[in-house]
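The chain contents come next:
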Amino acid sequence: MNINDPCVRDVYDRPNDQLDYQMVSWEILTNDCLMEIFQLLSYKDLARAGQVCRRWKSVADLEFLWECRLKQDYNVKREIPLRSGAVCWKEEYERLVDRVPCVELKKIEEHSDEVFHVSFSNNGLMFCTCSKDTYVKVYNADSPFDIVFSSQPRGNYWTCAQMSRFSPCDTQLLVSGSRPGREQYGEIVIYSIFGGTFSIQARVRIRPYDVMGTWLNESHFLSARAHPNYGRRQCLCEVFLNKSGQKVVDPQQPNATRSFLFRCDFGTVSYLHVADLTKPLRQVVQRNVSKDVKELLHYIHYKHLQKLSQSYSHNEQDTCTEYRKGSVCEACSVQTSAERNAKRMEMMSLTKFNSATNCFSLHTKTSQGNTEESTEVDEHDTRRLLKSFGIQKADTDSFTKTYHAQVFSNVASDQGSISTNHPGTSSTSLMLPVCEVCKKQVLPDGANQEFAASEIDTSLATSTVEEVTFASFPARYKLFLCFTGSRVCVHHQIGVKILHQEDCSKVVEEDISQMLSDHPDDYSRLDVDTWDHVFELPGQCVGMTLSPCNRYLYVNMRRFICVSEGDIMLDDSPPVSKEVEMFVYDLITMKRVAILTGHNAESDVFFLHLSSNEYYVASGSEDDRGCIWDRHYQACVASLHHDKVVSCVAVNPRDTSMAVSVSDDNKVKIWGSKSFHKKMKHERLIT
């Protein structure tokens, strides 16, 4: 309260018998005073204060108050901004309070033993549970959550069913399980669930059983098999690309092929995942068109795209050479005017231009016709192409004019090409076809010498020789991810490898048995694949999942308890902490961006599985509860309680207010938000 305020001064100057104490306590308070008081209220009291009057509502709805309330109640770091796409801090607080799955809706007790894993279909309409009783059960994700399918994939041949994953289009179901024996073999079974029918269509053996397996696309999945050399403490791990169906149209086409062969010194390859970075990479480059591509992407992505650009350039040169062959100039042509224009369109070559996008070279066709209609169509296509790469409408006309000026300037008739050179960059050329009859160049219609080199605007061109522009972006850009280890026998690394195959068309002729027989004692002499990148973690990896966009990787990790690296015994598993930390990695920059805490592991836990959707990431925990974090605010927003260890929590990818948790207490619990629970209660009262 400001004592120098005229209103406040007037009240203080009045005699005691003339004071209106109600006015003294509230009406004379300034908005700053109200804001200081409202900061001390809980979120419920703050919402109620906003219902007193219009003035209080205007103060109670201030963004500053709700930002402070949210960050204080959920322990959010002060530097974290408002989530992209959110309207205001008040609505975000309302979402975290009313629309997070934290209310138990139903308890299912269909399994007779510990339940290890639960996963949702990609459309959010079904979820599948896997249990130690070897049963796989699929439920409807809508109330009353009836069982759709229940089966034992291999009956007594399995010791447990440990993980399930739906295919990208939800027409197939991958289930992995472990088999009895000291060899630690496992098996992957593929169910066809198209049309509501569940039938086994493929089986693949894996080793060890924690390989789990993962989908590459709708028709292929990845598996792995280890070949250990216990004497040398070495292991060869084959990663296979398998067809999901045994029915093959072409008998000569194989059902499986080896994609990679890795050598692991102490660990194996397990817990396979595939990250599709096609869309995230495009979005990053398009949103940062003015930045250097090297600052946006990790070196492995930059190097791979550079190789693709080089191979594309070679193909383009071959194409231009073919265009130069068999050309006929206008004077020698006996074709009609319409046929001649169609021929020129087929022979028209492409040119590169180093644009401000830094990651793409725009390939546009030059106008070949003499009519205004063809020019308008060509410019329209150019504008549409530029817009698809993030260049605004205002820049389209200037770019199109600049582009055509570069194409038709500096005609080098002696060299058979039109060259455009930019300061600091290598020259690019438009290869022109040569007439077979008179051996002269066939220039495009409309090409002239009116444009001078000084008139060309090079502001959109890159200015460094080291800047690499990519001629094309791959239709699919996927990464293979898995747990591995090189220093101790437990998984403490995540290997990353760029995938090049999408089917089984390429078969590896060399048999692994022949390789092992040639080098029975030492695997270090074998020619094997190497990781493109390795994440080194300071502890044991016990779970992993990807964000819905596949850009972010979430890893559950238990730190090693040791004073120095020399204290770690290579033979045994080193002691690990009881606290579990969730490391968050950006797969585009390959950097760790956050660490989430709040869950624990009391014993030698095997796996604590994770899942994620647009808003949340969830994980099991050994302190008899599951945890849900907000992905953006990096805060634990819900705890899902059980009687024993919670092995996995799955959040619905479509309905963010729904989650399912499974536990060692043999129970499956379905969770909903407070708002959904109130709605169900209201509907029950009406009915």
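As shown above, the structure is provided for reference.
What counts, and where the lines are drawn
Residues numbered from 1 in each chain as written. Predicted model: local features only at pLDDT ≥ 70, side-chain atom pairs only at ≥ 80, totals over all residues. Heavy atoms only, no water. Helix = DSSP H or I, 4+ residues; strand = E, 2+ residues; numbered from the N terminus. Contact = heavy atoms within 4.5 Å. Pairing = 2+ DSSP bridges. Axes fitted to C-alpha atoms, helices over the stretch in contact; angles between N-to-C directions. Left-handed = near helix turned anticlockwise from the far one by under 90°. Nonpolar A, V, L, I, M, F, W, Y, C, P; charged D, E, K, R; others polar. Buried < 20%, exposed > 50% of the residue type's maximum accessible area, 1.4 Å probe, protein only. Polar contact = N/O pair within 3.5 Å; in protein donor to acceptor, adjacent residues only side chain to side chain.

J.: Honestly, the environment of Leu 296 in this entry has me stumped. Any pointers?
T.: Looking at the secondary structure, you find Leu 296 in helix 9 (residues 293-296). Distance from Leu 296 to Leu 281, taken between C-alpha atoms, is 9.2 Å for residues 15 residues apart in sequence. Not counting residues within four places of it along the chain, the set of residues in contact with Leu 296 comprises Val 284, Val 285, Asn 288, Lys 291, Ile 588 and Thr 589.

J.: How should the sheet that holds strand 31 (residues 668-672) be read in this particular structure?
T.: The pairing of strands in a sheet happens through backbone hydrogen bonds and is either parallel or antiparallel. Spatially, 4 strands are ordered 1-31-30-29 in an open sheet, and the strand pairing comes out antiparallel. In the strand order of this sheet, the two ends are held by strand 1 (103-108) and strand 29 (646-651), each with one partner. Neighbour-to-neighbour, the strand axes of this sheet turn through a mean angle of 20°, independent of strand direction. Note that strand 1 and strand 31 share 5 bridges and pair antiparallel. When the bridges of strand 31 are listed, Ile 108 appears paired with Val 668.

J.: Explanation requested: the packing of helix 6 (residues 63-73) against helix 7 (residues 89-98) in the structure shown.
T.: When two helices pack together, you describe them by how their axes are tilted relative to each other and by the distance separating the axes. One can describe the packing of helix 6 onto helix 7 by two numbers: an axis separation of 8 Å at closest approach and a directional angle of 30°. Judged by the twist between their axes, the crossing of helix 6 over helix 7 is left-handed. In contact with Glu 63, Trp 66, Glu 67, Arg 69, Leu 70, Lys 71 and Asp 73 of helix 6, helix 7 contributes Trp 89, Lys 90, Glu 92, Tyr 93 and Leu 96. In terms of residue class, the contact of helix 6 with helix 7 is made up of 5 nonpolar, no polar and 7 charged.

J.: In this structure, what is going on with unusual backbone geometry? I would like to understand it.
T.: For residues that are not glycine, phi is negative in most cases, and the peptide bond is trans in most cases. Following Ser 143, the chain continues to Pro 144 via a peptide bond in cis, the omega torsion being 15°. Relative to the assigned elements, Pro 144 resides in the loop between strand 4 (136-140) and strand 5 (147-151). Residue Arg 207 is joined to Pro 208 through a cis peptide bond whose omega torsion reads 0°. For Pro 208, the location among the structural elements is in the loop between strand 9 (199-206) and strand 10 (214-215). Its identity as a non-glycine residue notwithstanding, Asn 75 has a phi of 55°, on the positive side. Note on placement: Asn 75 falls in the loop between helix 6 and helix 7. What makes Asn 75 exposed here is its relative accessible area of 68%. For Tyr 271, which is not glycine, the phi dihedral falls at a positive 55°. Along the chain, the position of Tyr 271 falls in strand 14 (residues 270-276).

J.: Is there a simple way to explain the pairing of strand 6 (residues 160-166) in this structure?
T.: The side chains of a regular strand alternate between both faces of the sheet. Summarising burial for strand 6: 7 of the 7 residues are buried, a large majority. As defined by bridge partners, strand 6 adjoins strand 7 (residues 172-178) across 6 bridges and the pair is classed as antiparallel. Pairing of Phe 166 across the sheet is with Leu 173, part of strand 7. A loop of 5 residues connects strand 6 with strand 7, the two strands running antiparallel in sequence, and Asp 170 in this loop sits at a positive phi of about 60°.

J.: What am I meant to see in the side chain of Lys 478 here?
T.: For Lys 478, the location among the structural elements is in strand 18 (residues 478-484). Since its relative accessible area comes to 6%, Lys 478 is described here as buried. Among the polar contacts made by the side chain of Lys 478, one reaches the main-chain carbonyl oxygen of Leu 216 at a distance of 2.7 Å. There is a polar contact of 3.4 Å between the side chain of Lys 478 and the side chain of Glu 502. For Lys 478, the contacting residues outside a window of four places in its chain are Leu 216, Asn 217, Val 274, Ala 275, Asp 276, Lys 497, Ile 498, Leu 499 and Glu 502.

J.: Would you mind going over the side chain of Ser 131 with me for this structure?
T.: Within the secondary structure, Ser 131 is located in strand 3 (residues 126-131). Judged by its relative accessible area of 0%, Ser 131 is buried. A distance of 3.0 Å separates a polar atom in the side chain of Ser 131 from a polar atom in the side chain of Asp 133. Dropping the residues within four chain positions of it, Ser 131 is found in contact with His 111, Asp 113, Glu 114, Val 115, Phe 116, Cys 160 and Ala 161.

J.: Looking at this structure, how should I read the pairing of strand 23 (residues 576-586)?
T.: For strand 23, the buried fraction is high: 9 of the 11 residues fall into the buried class. With 8 bridges joining them, strand 22 (residues 552-560) and strand 23 adopt antiparallel strand pairing. Its bridge partner being in strand 23, Tyr 552 is matched across the sheet by Asp 586. Here 8 bridges tie strand 23 to strand 24 (residues 591-600), and the two strands are oriented antiparallel to one another. Within the sheet, the bridge partner assigned to Val 584 lies in strand 24 and is Ala 594.

The values are spatial; any link to function lies outside them.
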